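Understanding the architecture of this molecule
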Amino acid sequence: MHNALAVTPTTPQPRPLRPRLSVVVPAYNEASNLPLLLPLLTDTLRQLTDQWEVVIVDDGSRDGTPLAMLPWLVQPGVRYLRLSRNFGKECALTAGIEYAQGEAVLCMDADLQHPVEMIGPMLAAWRGGVDMVCATRSTRADETFAKRAGTWLFYRLVNTNPSLHIPVDAGDFRLMDRCVVDALKSLPERNRFMKGLYAWVGFRNQILPYTPNERASGKSTFSMRSLARLAFTGVTTFTNFPLRLWSAVGSVIAFGALAFGAWIIFEHFFEAQPLPGWATLATSMLFFSGVQLLSIGILGEYVGRIFDEVKQRPIYIVASQQGRSLFADGESA
C-alpha cells in the first residue's frame, strides 16, 4: 500500500472572482490589537467577496482577548476558537487551518504588521491559477542585528536539504488554495514548523513582497529564546545537517588525534623527545568529552522528537468556539 495523499487535481479552470474566503488569525494577548484589526479586515473582506469568515484562534490568552471578541460574535462573519492553554503559534495556526471552511484560506498575524491591503493582490494571484501566495518581507530594517543575523543563519542551515527549499523571509502571511489546506491537514506530526510544512507540500507558488507595518499596540510575545527554539525545531525537523555536521567533526577529530599520536611517537623515537605530560592529556580529554556531550545532546534532540511523535497526543485542544461564518450554507464553528 502506498502511503500517499490524493488531492483534487488543480486543473487550469476558472476560479471564482468572489470566492469563499477564510482568514485565520492566531492571537495571544492581543486584546488591544484585535479591535483595531477586525474593522479593517472585515471591511476589506466585504469588498472582495460576499462569503467570508475570520477565524480568530485564541492561544490561551491571559489578557482581555475574550472580552474584546464579544462584540464581534453577535453578527455572522467572525468565529472565535479558544484553546485550552497556550500551545504556541504553530499549533494555533494548525487549529485555524483545520477549522477554516473556505475554498481559499489566508493566514495573518493579529498585530497589524501584515497589511490587509495585500489581500486583494494575493487573491488576484490565486485567481490567476497559483495554489499558494507567499508574502515575503522586502526589508528587515525594523529588526535588531542579532535577529537579522540569526534569520540569515537559520535559512542557510534549513535550506541545506536539497529536496526542500523554504523561501527566504516568507512567514505565515500567505493565501492557500483548498488543495494546499487539505494537504496540510493530512500531516500528523506534533513538532509543527509551519514554514517548512508549507514548503514541503509543494504546489504552485508565487511570492509577493510587502513592507511590514509597525506593530499597532503592545510588544511581541515572541522572545529571542522562543525564536531560537522555533528555529531549532525547523532545522531538526527538516534537515539532518546537525547530525551530519557532527559526524564530520568527529571524523576530523579522530583523524587529528591519530595524526597527533603518530607525531608524538615520531618525536619520542627519532628526536629523543620526552612524552608530553599530564596537562596535554587532561586538556585533550576535556576537549573530547565536551565534543561527545554536545554530539549526544544533538542526537538527543532528534530522539526526543521521535518520543513526542510516538505519544500521539493531540496538537491542540479547543476549549470553546463561538460565532459563525457568512458562507451560504450557514455552517458554524
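What you are looking at is a predicted structure, and each value in this text was computed from that prediction instead of being measured.

Focus on empty space enclosed by the protein
- Per the stated rule, a full pass over the model turns up 1 cavity of 30 Å³ or more.
- Counting residues per element, the ones that place at least two in the lining of the largest cavity are helix 3 (89–99) and helix 6 (178–185).
- A per-element tally of the lining of the largest cavity places helix 3 first, with 3 residues.

Comments concerning the packing of aromatic side chains
- Evaluated as defined, the whole model comprises 1 aromatic pair.
- Summarising the aromatic geometry, the rings of Phe173 and Tyr210 are spaced 5.4 Å apart at their centres and angled 85° between planes, so their arrangement reads as edge-to-face. Of this pair, Phe173 sits in strand 6 (residues 170–177) while Tyr210 sits in strand 7 (residues 205–210), and the two are 37 residues apart along the sequence.
- The aromatic ring of Phe87 is capped on one face by Arg85, whose charged end is 4.0 Å from the ring centroid.

Structural notes on the sheet that holds strand 3 (residues 78–83)
- Taking strand neighbours across the sheet as the criterion, the 8 strands line up as 7-5-6-4-1-2-3-8 in an open arrangement whose pairing is mixed. In this open sheet, the two strands that pair with only one neighbour each are strand 7 and strand 8 (318–323). Across the sheet, the axes of successive neighbouring strands diverge by a mean angle of 20°, strand direction being ignored.
- Taken together, the 5 bridges between strand 3 and strand 8 define a ladder with antiparallel strand orientation. By the bridge assignment for strand 8, Arg79 is matched with Gly323.
- Relative to strand 6, helix 6 is tilted by about 115°, and along the sheet it contacts strand 4 (104–107), strand 5 (132–137) and strand 6.
- In the packing of helix 7 (residues 194–201) onto the sheet, the strands contacted are strand 4, strand 5 and strand 6, and the crossing angle to strand 6 comes to about 40°.

Observations regarding the pattern of salt bridges
- For the structure on display, the rule yields 10 salt bridges.
- The residue Arg46 makes a salt bridge to Asp43 at a minimum N-O spacing of 3.0 Å. Of the two residues, Arg46 and Asp43 both sit in helix 1 (residues 34–48), 3 residues apart, roughly one turn of that helix.
- Since its relative accessible area comes to 47%, Arg46 is described here as partly exposed.
- Given a relative accessible area of 41%, Asp43 falls into the partly exposed group.
- Of the charged contacts in the structure, one is a salt bridge between Lys89 and Asp109, with a shortest N-O distance of 2.9 Å. Placement of the pair is Lys89 in helix 3 and Asp109 in the loop between strand 4 and helix 4 (119–127), with a sequence separation of 20 residues.

Let's talk about the environment of Glu189
- When you line up the elements, Glu189 lands in the loop between helix 6 and helix 7.
- Accessibility expressed as a relative area gives 22% for Glu189, which makes it partly exposed.
- As for Glu189 and Arg313, which are separated by 124 residues in sequence, their C-alpha atoms are 9.9 Å apart.

Reading guide: rules and limits
- Residues numbered from 1 in each chain as written.
- Predicted model: local features only at pLDDT ≥ 70, side-chain atom pairs only at ≥ 80, totals over all residues.
- Heavy atoms only, no water.
- 1 Å grid on protein atoms, 1.4 Å probe; cavity = no way out; pocket = protein on both sides within 12 Å on 5 of 7 lines; lining within 4 Å.
- Points joined across faces, edges and corners; volume = space filled by probe spheres on them.
- Helix = DSSP H or I, 4+ residues; strand = E, 2+ residues; numbered from the N terminus.
- Phe/Tyr/Trp six-rings, centres within 6.5 Å; stacked < 30°, edge-to-face > 60°.
- Lys NZ or Arg CZ within 6 Å of the ring centre and 35° of its normal.
- Pairing = 2+ DSSP bridges.
- Axes fitted to C-alpha atoms, helices over the stretch in contact; angles between N-to-C directions.
- Contact = heavy atoms within 4.5 Å.
- Salt bridge = Lys/Arg side-chain N within 4 Å of Asp/Glu carboxyl O.
- Buried < 20%, exposed > 50% of the residue type's maximum accessible area, 1.4 Å probe, protein only.

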